[in-house]
Amino acid sequence: MKKTLLPLMMAMGILAAHSQTMPTPSVIPVPASLIANSGTFTLTNNTVISVAAGSSKELDEMSNQLSKVLYTATGFHLKTDHAGASDGIQLEILSTPNSALGNEGYRLSVTPSGVHISANKAAGVFYGIQSLMQLLPKEIESNTMVNQVSWTIPCVTIDDQPRFGWRGLMLDVSRHFFTKEEVKKFMDDMVKFKFNLLHLHLTDDEGWRIEIKSLPKLTSIGAWRVERNGKWANSPKAADASEPKTYGGFYTQEDIKELVKYGQERFVTIMPEIDVPGHSMAALAAYPELSCTGGEHTVYQGIPFMNWFPGGKFEAIVENGLCPANEKVYDFLDKVFSEVATLFPFEYIHMGGDECAKNFWEKSPAVQALMKKEGLKTMPEVESYFVKRVEKIVNSKGKKLMGWDEILEGGISPTANVMSWRGVKGGIEAAKSKHNVVMTPSTFAYLDYVQGEPLLEAPVYASLRLNKTYSFDPVQEGMDAKYVLGGQGNQWTEQLGNYRSLQYMTWPRALAIAESVWSPKEKKDWNSFTSRVEKQFDRWDISDDKYSKAMYDAIVGASKDEKGNLYANLSTELSGMNIYYSFDESNPDNYYPKYSKPVLVPKDAATMKIVTYRDGKQIGKQINIPVTELAKRAPKK
Ligand code: ACM
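Reading the values: rules and limits
Residues numbered from 1 in each chain as written. Predicted model: local features only at pLDDT ≥ 70, side-chain atom pairs only at ≥ 80, totals over all residues. Heavy atoms only, no water. Helix = DSSP H or I, 4+ residues; strand = E, 2+ residues; numbered from the N terminus. Rg over C-alpha atoms; globule rule 2.2 N^0.38 Å. Buried < 20%, exposed > 50% of the residue type's maximum accessible area, 1.4 Å probe, protein only. Contact = heavy atoms within 4.5 Å. Areas by Shrake-Rupley, 256 points an atom, 1.4 Å probe, with all protein chains shown as cover. Lys, Arg positive; Asp, Glu negative; His and termini not counted. Charge placed at Lys NZ, Arg CZ, Asp CG, Glu CD. Pairing = 2+ DSSP bridges. Salt bridge = Lys/Arg side-chain N within 4 Å of Asp/Glu carboxyl O. Polar contact = N/O pair within 3.5 Å; in protein donor to acceptor, adjacent residues only side chain to side chain. Axes fitted to C-alpha atoms, helices over the stretch in contact; angles between N-to-C directions. Phe/Tyr/Trp six-rings, centres within 6.5 Å; stacked < 30°, edge-to-face > 60°. pLDDT = per-residue confidence, 0-100. Disulfide = S-S within 2.5 Å.

Q: It is not clear to me how the overall build of the protein chain should be interpreted in this structure. Could you clarify?
A: Within the protein chain, the secondary structure is distributed over 18 helices and 28 strands. At 27 Å, the protein chain has a C-alpha radius of gyration in line with the 26 Å of a compact globule built from 637 residues. With the C-alpha coordinates aligned to their principal axes, the bounding extent of the protein chain is approximately 90 × 75 × 55 Å. Taking all 637 residues of the protein chain together, 56% fall into the buried category. Sequence separation of at least 24 residues holds for 71% of the intrachain contacts in the protein chain that already meet a minimum separation of 6. Carbon together with sulfur atoms contributes 54% to the accessible area of the protein chain, which is approximately 27,300 Å² in total. Positive and negative side-chain charges of the protein chain, numbering 71 and 74 respectively, have mean locations separated by a distance of 2 Å.

So, in structure tokens, the structure goes:
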């Protein structure tokens, strides 16, 4: 009985699946050229992955990886064929290179008889596969087998290559530690959107995360701190010395080798960052003799330790910098960079260089003596002296120096490379003086900033919505593009204590970064992007990955007229949405007043409640904003 019904049921399933409407091809980042053709190709258990005999080992490995990925949701066992089959999925490295495709470009052609991905290099084939995955039904993202889906792919011709060679995401593993498996997952998540560089921020005040065999205290002491689980930097007092240091972790050198290899198999290069001379409390906890005061230090555990003043000025309450006048510091860094250089094959090592408070340097007799000896007049010149010595060490290990844009201050060596984070100014200045630049401006690319209505999100000191991130262009006016290596999004993790919150803050804004660094500028289009982002939301729902839907929430601003009357100014990031509101404390729906122009706030209102709708359905979260908060948002006259 069962046996006779099964084929019929399967056929019904397939029939049901065939009646699904074909989705329009939707790829992030948008390809340089995508031509949608009529017809489809359907993946079955009999489809083979064809790799020409004698082609690279990398292609065989990629075929196996693809087969494994497809198996999870489809249950199909796709075999690799070396006999020149021309149907199925063909992966090809062109024997005669196509100069239009460069090192990472690809051509993806889907016809009713099969899929053909060709490229000059294996990386291109890999990116072709990522596009192919996005053309498959969303259920391909399932972590378990899905029945009753026809694995149909729309016919297309895609010719694609990246705008920039440096397409990065930075992950701060110091403030909160992310395990080796989580870092691998982060790489899996990024390569789907053709990122190729993972910048690991390995050291900071909150923890030293990489084993340095010649300096074992860096991890036996520097990787551990007392546990705090509340609001970041809100600890009322410093930990008692007897309190156990239970939070932390680090990567052994074997872990690092495994991560580097994992990245290489997915065309991700890992750039290590050792952040000095500031941000070094964890290193000082391990080796206090490297500080200017020589006193006892602890790994940072959440007490306020820096005073910030208007105009970006600051001073350290607790010493967190290496002493530039101490020769032991340079011996220490020689050891660190020696081991780091051996572990990471990438040509760049990042030395940090950001936010170094100088107030402990200013008071140090050793620094005063150094200034006299070297003829240094200002603290930026002292810092520049330090950076130049670090560059020599890094160069002596066969590597190039990368640093945050503070390394420009006080004079920079002609060979140093700059990561522009304090807006775009540093990047423009560096490119003008012929330094290579990676653009990571906080104004577009800081993924730890609040991405929606602050009342609904975890508190962070700055905001950055998806549409602002999407307007990121690594080549700013006044820059010669030849000095711009590319761009990246930075994910700082002071407030991100687990992988789910890390994902929430990263996606979808990292999609906007991906499109800004991969796609031709003229192909970028906000409405097209957001409709593709929404399709990606469906995929993440299936793969059970976390992301933010803040783009659906209203943007709430305010203004005052000459008489001091308060108005609410509302808008949305997406087109086609309606906003409804109340002032009477009841929860609005789409029968409430619809927002069309700035609304006068009634004198007796205590709260404005706001919702967004699309096509008659609530789509954004309800925002309840106290009128007192609204008043604070009105620009001062
Ligand atoms: C930085 O955000 N301090 C580079």
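Read on for the rest.
Q: When you look at the pairing of strand β16 (residues 313-316) in this model, what are you seeing that I'm missing?
A: Where a strand is regular, its side chains alternate between the two sheet faces. By the bridge criterion, 4 bridges tie strand β15 (residues 306-309) to β16 in an arrangement that is antiparallel. Residue pairing in the sheet places Asn307 in a bridge with Glu315 of β16. Between β15 and β16, which pair antiparallel one after the other, the connecting turn spans 3 residues, and Gly311 there sits at a positive phi close to 80 degrees.

Q: What am I meant to see in unusual backbone geometry here?
A: Peptide bonds are mostly trans, and most non-glycine residues show a negative phi. In this structure, the amide linkage connecting Ile28 to the following residue, Pro29, adopts the cis form with an omega of -5 degrees. Along the polypeptide, Pro29 turns up in the loop between α1 (2-18) and β1 (33-43). For the bond from Trp507 to Pro508, the omega torsion is 10 degrees, close enough to zero to count as cis. Backbone geometry places Lys194, a non-glycine residue, at a positive phi of 70 degrees. Here Lys194 lies in the loop between α4 (180-191) and β9 (197-201). Taking relative accessible area as the criterion, Lys194 reaches 0% and is therefore assigned buried.

Q: Is there a simple way to think about the side chain of Glu355 in this case?
A: By the element assignment, Glu355 lies in the loop between β17 (348-352) and α9 (359-362). No salt bridge is formed by the buried Glu355; the nearest opposite charge belongs to Arg175, separated by 5.4 Å. Polar contacts involving the side chain of Glu355 include one to the side chain of His279, which spans 2.9 Å.

Q: I tried to follow the sheet that holds strand β22 (residues 555-560) on my own but got confused; where do I start?
A: Strand pairing in a sheet relies on backbone hydrogen bonds. The paired strands run either parallel or antiparallel. Taken together, the 3 strands give an open sheet; going across it, the order is β22-β23-β25, and neighbouring strands pair in antiparallel fashion. On the outer flanks of this sheet lie β22 and β25 (599-600), each paired with one strand and no other. Bridge count for strand β23 (residues 566-571) against β25 is 2 bridges, and the pairing is antiparallel. In the strand pairing of β25, Tyr567 is matched with Leu600.

Q: Explanation requested: the sheet that holds strand β2 (residues 48-51) in the structure shown.
A: Judged by pairing direction, the sheet is mixed, and its 7 strands sit side by side in the order β1-β7-β5-β6-β4-β2-β3 without closing on themselves. A single partner strand is all that each edge strand has here, and the edge strands are β1 and β3 (79-81). When strand polarity is set aside, the average angle formed by the axes of neighbouring strands in this sheet is 25 degrees. Along the sheet face, helix α3 (residues 122-135) touches β4 (88-93), β5 (106-111), β6 (114-119) and β7 (151-160) and points at about 40 degrees away from the line of β5.

Q: Can you help me understand the environment of Val367 in this one?
A: For Val367, the position within the fold is in helix α10 (residues 365-374). A relative accessible area of 0% means that Val367 is categorised as buried. Aside from chain neighbours lying at most four places away, what touches Val367 is Cys292, Cys323, Pro324, Ala325, Trp361, Met379 and Val382.

Q: Looking at this structure, how should I read the packing of aromatic side chains?
A: The geometry of an aromatic ring pair is captured by two quantities: the separation of the ring centres and the angle between the planes. Inspection of the entire model under this criterion finds 31 aromatic pairs. Plain terms: the ring middles of Trp166 and Phe346 are 5.7 Å apart, the flat faces sit at 55 degrees to each other, and that makes the pair tilted. Of this pair, Trp166 sits in strand β8 (residues 166-172) while Phe346 sits in the loop between α8 (327-343) and β17, placing them 180 residues apart in sequence. Just as Trp166 is buried, Phe346 falls in that class too. Between Trp526 and Phe529 the ring centres are 6.1 Å apart and the planes differ by 35 degrees, which places this aromatic pair in the tilted class.

Q: What is the right way to look at the confidence of the model for the protein chain in this model?
A: Close reading of the predicted structure is inappropriate where its pLDDT is low. A residue-level look at the protein chain finds 96% of positions with pLDDT of 70 or above and a mean pLDDT of 94. In the predicted structure, residues 1-20 sits below a pLDDT of 50 and forms 7 contacts with residues beyond four places in sequence or in another chain.

Q: Would you explain the state of the cysteines in this entry?
A: In a disulfide, the sulfur atoms of two cysteines are covalently bonded to one another. Inspection of every chain in the model, using the stated rule, returns 0 disulfides. Residue Cys356 stays outside any disulfide, its sulfur separated by 9.0 Å from that of Cys292, the closest cysteine.

Q: In this structure, what is going on with helix α15 (residues 499-506)? I would like to understand it.
A: Quick reminder: α-helices carry 3.6 residues per turn. Residues three or four places apart thus point the same way. When you tally the buried positions in α15, you get 7 out of 8 residues, the bulk of the element. For α15, the complete set of buried residues consists of Tyr499, Ser501, Leu502, Gln503, Tyr504, Met505 and Thr506. Those residues of α15 that are buried are in contact with β8, α4, β21 (484-491) and α16 (509-518).

Q: Would you mind showing me how to read the pattern of salt bridges here?
A: Oppositely charged side chains can pair when the atoms bearing their charge come close. Considering all chains together, one arrives at 39 salt bridges under this definition. Lys213 serves as the salt-bridge partner of Glu211, at 3.7 Å between the closest nitrogen and oxygen. Residue Glu453 is joined to Arg633 by a salt bridge in which the shortest nitrogen-to-oxygen separation is 2.7 Å. Of the two residues, Glu453 sits in the loop between α13 (442-445) and α14 (466-470) while Arg633 sits in helix α18 (residues 627-633), which places them 180 residues apart along the sequence. Put simply, Asp172, Arg175, Asp204, Glu206 and Glu494 are held in one network by salt bridges that share partners.

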